[in-house]
Amino acid sequence: MSSLIAWIIRAIPFGTIIMYGAMGETVTEKSGNLNLGVPGIMYLGGFAGFASAYFYENSVADPIPLVSILLTLFCCIVASMLGGLIFSFLTITLRANQNVTGLALTTFGMGVANFFGVFILNGKAYSAAPMANAAYIRKIPVLSELGIAGQIVFGYGFLVYAAILLAVLLHWFLNKTRVGLNLRAVGENPATADAAGINVTKYKYLATCIGAAISGIGGLYYVLDYNSGIWATTGQIEALGWLAVALVIFTTWRPLNAIWGAYLFGTLYWLYQFLPSLMGFTVASYVTDLIQMVPYLVTIVVLIVTSLRKKKENQPPEHLGLAYFREER
């Protein structure tokens, strides 16, 4: 039982990271933009948030946790939106290839974060922002102490619950509001939307930049909560970014599906670590590597099934990844 509880507690924070990345990319793709730069944007958001927390803690005699949270969120969102703005300018205004631009943005985001991270690391293996970490991992008082149920349901930082709330809000926004329906129209058929008086360029820019901001919060959550407020030059954020992109396909572009889909991904990802103790036998190292592939394999299966069923509501936006030329309307 203790192994099962530990497995769930490990999977939910992990799923939260990729949930933010997937929700941000879902908003972007609903506008018809395919941004494969999610890993780089998560790098930018994670580093900007960590750097602001690190310098704040080391420059103020008595840092305030609430100020640290607001500062890190602000810096994370600004840095991530700048990444989204770069992608938007190249693909919407200059009409560059979206796939190539997204991959370049991933490399760019990782390079920028690791380059400036060298000055913070200053020759050390890692640097930490303990006060910011304590603020982000703070659990819900009283409720988190209510035995096993309290641990599983209420034993996490506030960004876990914010992710669930955001998924619900995005579902309502995309399906119940005029702006959300306009955004979906832009992604499905920008020429028709343009003819109806919708500013296609504005919607694409805003959706891409806001989507980037949401994805960047996933990187922030990884560094200041999941990774104990530690910054090190590792490629873990990149791997999580690609998982987030896979999750978008798995959830068939529905924000509500991102909730259970992200937690399922988290559960499957950590299966290799808890399977031996749950089943009572030792697993060879090569088997654990195969088990870690399960989330990607599940995504491929879902993609095949949805393609075969050919239901319109399960397909990506019709104009996804294509540049819009108004002159050809």
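Residues numbered from 1 in each chain as written. Predicted model: local features only at pLDDT ≥ 70, side-chain atom pairs only at ≥ 80, totals over all residues. Heavy atoms only, no water.

A. Just the nonpolar core, in detail. Counting 75 residues, the largest nonpolar core has Ile 18, Met 19, Met 23, Phe 50, Leu 224 and Trp 231 as its most contacted members. Examining the composition of this core, we find that 11 residues originate from one element, helix H10 (residues 200-226), more than from any other. In this structure, Trp 231 is in contact with Tyr 43, Gly 46, Phe 47, Phe 50, Ala 113, Asn 114, Gly 117, Leu 121, Tyr 126, Ser 127, Val 223 and Ile 237, ignoring residues within four places of it in sequence. (Core = buried A, V, L, I, M, F, W, Y, C linked by side-chain atoms within 4.5 Å. Buried < 20%, exposed > 50% of the residue type's maximum accessible area, 1.4 Å probe, protein only. Helix = DSSP H or I, 4+ residues; strand = E, 2+ residues; numbered from the N terminus. Contact = heavy atoms within 4.5 Å.)

B. H10, seen in detail. Over its 27 residues, H10 extends 38 Å from the first C-alpha to the last, a length consistent with the 39 Å expected when each residue adds 1.5 Å. Of all 27 residues making up H10, 23 are buried, and the element is well covered by its neighbours. Where H10 starts, the residue carrying a side-chain oxygen 3.4 Å from the main-chain nitrogen of Thr 201 turns out to be Asn 199. Ser 228 occupies a position one or two residues after H10 and carries a positive phi of about 60 degrees. (Expected span 1.5 Å × (residues − 1). Polar contact = N/O pair within 3.5 Å; in protein donor to acceptor, adjacent residues only side chain to side chain.)

C. Expanded view of the packing of aromatic side chains. Considering all chains together, one arrives at 13 aromatic pairs under this definition. Here the aromatic rings of Phe 14 and Tyr 269 are separated by 4.4 Å at their centres, their planes lie at 15 degrees, and the arrangement is stacked. One end of the pair, Phe 14, is in helix H1 (residues 2-30); the other, Tyr 269, is in helix H12 (residues 255-269), and 255 residues separate them in sequence. (Phe/Tyr/Trp six-rings, centres within 6.5 Å; stacked < 30°, edge-to-face > 60°.)

D. Local environment of a nonpolar patch on the surface. A cluster of nonpolar side chains, Leu 290, Met 293, Leu 297, Ile 300, Ile 304 and Leu 308, forms an exposed patch at the surface whose accessible area comes to about 590 Å². A total of 4 residues in the nonpolar patch trace back to one element, the largest contributor, which is helix H15 (residues 294-309). (Patch = residues over 30% accessible without salt bridge, like charges linked within 9 Å, V, L, I, M, F, W, Y side chains within 5 Å. Areas by Shrake-Rupley, 256 points an atom, 1.4 Å probe, with all protein chains shown as cover. Salt bridge = Lys/Arg side-chain N within 4 Å of Asp/Glu carboxyl O.)

E. Quick peek at the side chain of Asn 35. Here Asn 35 is to be found in the loop between H1 and helix H2 (38-59). Residues in contact with Asn 35, not counting those within four places in the same chain, are Glu 25, Thr 28, Ile 41, Phe 87, Gly 102 and Leu 105.

F. Structural detail: the packing of H2 against H10. The geometry of H2 relative to H10 is characterised by a closest axis approach of 7 Å and an angle of 55 degrees between their N-to-C directions. When the interaxial angle is binned, H2 and H10 end up oblique. At the point where H2 passes H10, the crossing takes the right-handed sense. Judged by residue contacts, Val 38, Ile 41, Met 42, Gly 45, Gly 46, Gly 49 and Phe 50 of H2 engage Ala 212, Ser 215, Gly 216, Gly 218, Gly 219, Leu 220, Val 223 and Leu 224 from H10. Residue classes in the contact of H2 with H10 are distributed as 8 nonpolar, 7 polar and no charged. (Axes fitted to C-alpha atoms, helices over the stretch in contact; angles between N-to-C directions. Parallel < 35°, antiparallel > 145°, perpendicular 65-115°, else oblique. Left-handed = near helix turned anticlockwise from the far one by under 90°. Nonpolar A, V, L, I, M, F, W, Y, C, P; charged D, E, K, R; others polar.)

G. Region of the structure containing the packing of helix H7 (residues 158-176) against H10. Two elements in contact, H7 and H10, have axes whose closest approach is 12 Å; the angle formed by their N-to-C orientations is 165 degrees. In this view, H7 runs roughly antiparallel relative to H10, as classed from their interaxial angle. Like other packed secondary-structure pairs, H7 and H10 cross with a definite hand, here left-handed. Listed contacts from H10 to Leu 159, Val 160, Leu 166 and Leu 170 of H7 are Ile 214, Ile 217 and Tyr 221. In terms of residue class, the contact of H7 with H10 is made up of 7 nonpolar, no polar and no charged.

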